[in-house]
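Chain by chain, the residues run as shown.
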Amino acid sequence: MITMDNIIREGHPTLRKSADSVAFPLSAEDRKIAAEMMEFLSNSQDEKIAEELNLRAGVGLAAPQIDVAKRIIAVLIPGEYEDDPPELAKVMFNPKIISHSIESACLKGGEGCLSVDREVPGFVVRHSRITVSYQDAEGVTHKARYKGYTAIVVQHEIDHLNGVMFYDHINEQAPFAVADDVIIIE
Ligand SMILES: O=CN(O)C[C@@H](CC1CCCC1)C(=O)N1NCCC[C@H]1C(=O)Nc1ccccn1
Ligand code: NI
């Protein structure tokens, strides 16, 4: 099972590597890694388990964050209300942004990262809508479109596969300066 001890922190070289594509059919190990990544997100969002295991709640995780330089991401975005089904619960292998909006967006509160043990204030400007191609655990290729908060999360995770950290996108001179056409997501 993945706990915070398995999550590497900034300064660890794997966070700056470009991760390798995953081969299909999946090895038993890669299948296990994917399942454990999703289990971590689910545990981290369960108050009792998170408290028990001292987990920081997360909505996404990329394999490089557990020192596995492979192109695997897990996303678990809760629904709007407590008992709603998740907005998105998915493991993507070899995800790739194949098209995106011209329009940009950022989270009003900026971003954080489970691999970054500090606050880094500033707007992280990303595409407001993306089309992602990815393979599922059976190797079947899918295309999916995301917008809003979900699009931001998926972009944050795919960045990790390319060795990019959220603060690489922050304008150091003016962290909260954004063009007037950038959508600010509450
Ligand atoms: O690469 C992946 N990561 O680094 C985990 C990150 C991913 C998100 C950060 C911004 C977009 C994607 C993550 O989830 N967080 N960042 C640090 C602490 C907070 C936590 C978070 O936003 N938690 C959360 C939010 C809503 C509901 C439940 N939990
Ligand atoms: Ni992160």
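The structure displayed is predicted, hence computed values, not measured ones. Residue positions are given per chain, counting from 1 as you read along its sequence in written order. Lettering for chains starts from A, numbering for ligands starts from 1, and both go in the order in which the items are written. Side-chain atom pairs in this predicted model are given and counted only at pLDDT of 80 or more, local residue features only at pLDDT of at least 70, and totals for whole chains, interfaces and linings cover all residues. Calculation of side-chain values draws on the structure's entire complement of heavy atoms; hydrogens and water are dropped beforehand.

## Regarding the overall build of the protein chain
So, step 1. Looking only at helices and strands, one finds three helices and eight strands in the protein chain.
So, step 2. Where helices and strands are cited, they refer to DSSP runs of H or I of at least four residues and of E of at least two residues respectively, numbered from the N terminus. Shown N-terminal to C-terminal, the secondary structure of the protein chain runs as helices and strands in the order α-α-β-β-β-β-β-β-β-α-β.
So, step 3. All radius of gyration figures rest on C-alpha atoms, and the globule criterion is 2.2 Å times the number of residues raised to 0.38. Whereas a compact globule of 186 residues would reach a radius of gyration of roughly 16 Å, the protein chain reaches 16 Å, a difference of no more than 12%.
So, step 4. The buried share of the protein chain, reckoned over its 186 residues, is 48%.
So, step 5. The method behind every accessible area is Shrake-Rupley, applied with a 1.4 Å probe, and residues are considered shielded solely by the protein chains displayed. Approximately 10,000 Å² of the protein chain is accessible, and the part contributed by carbon and sulfur atoms is 50%.
So, step 6. The positive count covers Lys and Arg only, the negative count covers Asp and Glu only, and His and the chain ends enter neither. Here the site of a charge means atom NZ of a Lys, CZ of an Arg, CG of an Asp or CD of a Glu. Both charge centroids of the protein chain, one from 18 positive and one from 30 negative side chains, sit 7 Å from each other. Remark: exposure states derive from per-residue accessible area (1.4 Å probe, protein chains only) relative to the maximum for the residue type, with buried under 20%, exposed over 50%, and partly exposed in between.

## Concerning the UniProt feature "binding site: Fe cation" (unreviewed entry) in the protein chain
So, step 1. UniProt positions are given in the numbering used here, feature names are shortened, and annotations may be inferred rather than shown by experiment. On the UniProt side, "binding site: Fe cation" (unreviewed entry) is annotated at positions that read Cys113, His156 and His160 here. These residues run over 48 residues, yet every pair of their C-alpha atoms falls within 10.2 Å of each other.
So, step 2. For Cys113, the position within the fold is in the loop between strand 4 (104-107) and strand 5 (126-127).
So, step 3. The exposure class assigned to Cys113 is buried, which follows from its relative accessible area of 6%.
So, step 4. Sequence-distant contacts of Cys113, that is, excluding residues within four places in its chain, are made with Arg56, Gln65, His156, His160, Met165 and Phe166. By definition in these notes, contact holds between two residues if any of their heavy atoms fall within 4.5 Å.

## A closer look at the site of ligand 1
So, step 1. Residues are labelled near a given molecule or strand when at least one of their non-hydrogen atoms is within 4 Å of it. Taken together, 15 residues are adjacent to ligand 1, and Ala57, Val59, Gln65, Leu114 and Glu157 come closest.
So, step 2. Any pair of nitrogen or oxygen atoms within 3.5 Å is treated as a polar contact; in protein, a donor-acceptor pairing is required on top of that, and neighbouring residues in sequence qualify only through side-chain atoms on both sides. Note that an oxygen atom of ligand 1 is positioned 2.9 Å from one of the side-chain N or O atoms of Gln65.
So, step 3. Side-chain polar atom of His160 to an oxygen atom of ligand 1: 3.0 Å apart, as the coordinates give it.
So, step 4. In this classification, the charged set is Asp, Glu, Lys and Arg, the nonpolar set is Ala, Val, Leu, Ile, Met, Phe, Trp, Tyr, Cys and Pro, and all remaining amino acids, among them Gly, are polar. Split into classes, the residues belonging to the shell around ligand 1 amount to six nonpolar, six polar and three charged.

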